[in-house]
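Structural overview for review
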Amino acid sequence: METKVAIIKDINTDIRFIEEAGKVIRNGGTVAFPTETVYGLGANALDDEAVKKIFIAKGRPQDNPLIIHVSTKEISGLVKDVPEVAQKIIDKFWPGPLTVILEKKDIIPNVTSANLNTIGIRMPNSEIALKLIELAERPIAAPSANISGRPSPTEVERCVEDLNGRVDYIIGGESSDIGVESTIVDCTVNPPLVLRPGGITLEMLKEINPEIELDKALKSKPNDDFKPKAPGMKYKHYAPNAHLKIIKGKNEKTIEIINEIVENYIEKGNDVAILTTNENLNKFNNGKVISLGSENDLKEIAKNLFEALRKCDDLGVQYILCQGFEENGVGLAIMNRLNKAAGYDILRSE
Ligand code: AMP
Ligand code: MG
């Protein structure tokens, strides 16, 4: 299939590209587009044949439901009920990196919800995404715009790398400032549960309702009979081609251990990349060192995370060693993605 790639430089002068992409969605095609979290691969959420194309293009397991993207807070046409706490969350955090899980109406095909009677919905805070949804005149189902299992794209070049020839249209023009996927809050239970940490932190949600908690599955490594609330929780995710290992603990000890492991790998003839912070950049003796940002700015680290994992693959290394981060604020989302990307290969340096 031929993929059209259009980069939006100015949303007013380049509006024809978004109109064209909106038409592709209306006609049952697939469009990758920027959002503030990561790039999404979209199709008409109400058309099961269109949604199937997303699963095929990504190689995504069919029991992993999609998030529906809307351009308005008015979602009564899509869900049976919006409980009070969900409404408060929507009012406070939309448009933004926050997905609510609610009971779906029958208008949403089972392919979109992967046979669940619930659906995830989000209003993204991206000018291009909102315009696309508006011009498509339909809600857009969209998981991240990567081949299933790979790090999510935060730059249009990464969508092209993964999806060129597999989708109808790719729109670029914004890079994803949040850099990790939306926070998912299950509002079908009371109090609501966070199923996936993201840009909106648990601390921010607790300001709305102090009883909102993390789902138990987020607190431990999944075992074989793990039955997750969010089917996506069970899959290997976000992984680079190189083997990723996390080293977490006191800073000086972490650096010491990373230096030791690097020597060991290099002696055996392997290439190694190190993911670290600006502050630690000069503390390594060997290996290809990449900074994720300042240790004082977890938002910057989240924004750079997936792109850095892909850069390590560009370097052709066999191993990536990444220092761990504190699991509060956005740090929780960073560690959630890193743990999965590493297949839970975590070494404690204390
Ligand atoms: P992606 O955007 O590729 O990260 O995938 C969407 C994520 O949202 C997956 O992890 C899904 O499991 C989760 N999700 C979507 N809809 C639901 C739902 N109804 N219930 C629970 N999780 C959901
Ligand atoms: Mg994804």
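The model shown is predicted, which means the values in this text are computed figures rather than measured ones.

As for the environment of isoleucine 290
Here isoleucine 290 lies in strand β14 (residues 288-291). When its relative accessible area of 17% is taken as the criterion, isoleucine 290 is described as buried. On a C-alpha basis, the gap between isoleucine 290 and leucine 309 in space is 9.7 Å, while along the polypeptide they are 19 residues apart. If near-sequence neighbours (up to four positions away) are discounted, isoleucine 290 is found in contact with Ile274, Leu275, Thr276, Leu281, Ala308, Lys311, Cys312 and Leu315.

Some words on the sheet that holds strand β1 (residues 4-7)
Strand order in the open sheet formed by eleven strands is β1-β8-β2-β3-β7-β4-β6-β5-β9-β10-β11, and the pairing between neighbours is mixed. Unpaired on one side and paired on the other, β1 and β11 (213-214) mark the two borders of the sheet. Two strands pair when backbone bridges link them, and strand β3 (residues 40-44) and strand β7 (residues 140-141) are joined in this way by two bridges, in the antiparallel orientation. Residue pairing across strands places alanine 43 opposite alanine 141, the latter belonging to β7.

Concerning the pattern of salt bridges
For the structure on display, the rule yields 17 salt bridges. The salt bridge involving arginine 158 is made with aspartate 314; its shortest N-O contact spans 2.9 Å. Taken together, the residues span a long stretch of sequence, with arginine 158 in helix α6 (residues 156-163) and aspartate 314 in helix α9 (residues 298-315) at a distance of 156 residues. Classification of aspartate 314 by relative accessible area gives exposed; the value is 52%. One salt-bridge network, in which partners are shared between bridges, spans Arg158, Glu161, Asp162, Glu307, Arg310 and Asp314.

Digging into the pairing of strand β13 (residues 272-276)
Burial runs high along β13: five of the five residues are buried. The side-chain alternation of β13 yields two buried faces, one formed by Val272, Ile274 and Thr276 and the other by Ala273 and Leu275. As paired strands, β13 and strand β15 (residues 319-323) are joined by four bridges and run parallel to one another. Considered in β15, the bridge of leucine 275 is made with cysteine 322. The pairing of β13 with β14 spans four bridges and is classified as parallel.

Looking at α6
What α6 keeps buried is the set Val156, Arg158, Cys159, Asp162 and Leu163. Projection of α6 onto a plane perpendicular to its axis shows the buried side chains occupying an angular sector of 155 degrees, all on one side. Contact partners of the buried residues in α6: β1, β3, α2 (48-58), β8 (169-172) and α9. Among the residues trailing α6, glycine 165 stands out with phi positive, at a value near 90 degrees.

Examining unusual backbone geometry
Residue proline 95 is reached from tryptophan 94 by a cis peptide bond, and omega for that bond is -10 degrees. On the secondary structure map, proline 95 appears in the loop between α3 (84-93) and β5 (98-103). In this structure, alanine 114 is a non-glycine residue whose phi angle is positive, near 50 degrees. Residue class for alanine 114 comes out buried when judged on its relative accessible area of 11%. A positive phi angle is found at tyrosine 344, which is not glycine, with a value near 60 degrees. Structurally, tyrosine 344 can be placed in the loop between α10 (331-341) and β16 (346-348).

Points about helix α1 (residues 15-26)
With twelve residues, α1 extends 17 Å between its outermost C-alpha atoms, agreeing within 8% with the 16 Å of an ideal straight helix rising 1.5 Å per residue. Those residues of α1 not exposed but buried are Phe17, Ile18, Ala21, Gly22, Val24 and Ile25. Taken around the axis of α1, the buried residues stretch over an arc of 155 degrees, which confines them to a single face. At its buried positions, α1 is contacted by β1, β2 (31-33), β3, α5 (127-136), β7 and β8. Downstream of α1 by a residue or two, glycine 28 has a phi angle that is positive, lying close to 90 degrees.

Notes on the sheet that holds strand β12 (residues 243-248)
The five strands are arranged β14-β13-β15-β12-β16 in an open sheet whose pairing can be described as parallel. Lying at the two open borders of the sheet, with one neighbouring strand each, are β14 and β16. Strand-to-strand, the axes of this sheet are offset by a mean angle of 20 degrees, without reference to chain direction. Judged from the three bridges that link them, β12 and β16 form a sheet pairing that is parallel. The partner of isoleucine 247 across the bridge, within β16, is leucine 347. The sheet contacts of helix α8 (residues 251-267) involve β12, β13, β15 and β16, and relative to β15 the element is tilted by about 175 degrees. Strand contacts of α9: β12, β13, β14 and β15, with the helix running at about 160 degrees to β14, the strand carrying the most contacts.

Observations concerning the environment of glycine 198
Counting through the fold element by element, glycine 198 comes out in the loop between β10 (193-196) and α7 (202-206). On the accessibility criterion, glycine 198 (3% relative accessible area) is buried. Remark: the alpha-carbon pair of glycine 198 and glutamate 181, spanning 17 residues in sequence, is separated by 5.9 Å. When residues no more than four places from it in sequence are discounted, the contact partners of glycine 198 are Val180, Glu181, Ser182, Thr183, Ala333 and Arg337.

What counts and how
- Residues numbered from 1 in each chain as written.
- Chains lettered and ligands numbered in written order.
- Predicted model: local features only at pLDDT ≥ 70, side-chain atom pairs only at ≥ 80, totals over all residues.
- Heavy atoms only, no water.
- Helix = DSSP H or I, 4+ residues; strand = E, 2+ residues; numbered from the N terminus.
- Buried < 20%, exposed > 50% of the residue type's maximum accessible area, 1.4 Å probe, protein only.
- Contact = heavy atoms within 4.5 Å.
- Pairing = 2+ DSSP bridges.
- Salt bridge = Lys/Arg side-chain N within 4 Å of Asp/Glu carboxyl O.
- Arc of directions from axis to C-beta.
- Expected span 1.5 Å × (residues − 1).
- Axes fitted to C-alpha atoms, helices over the stretch in contact; angles between N-to-C directions.

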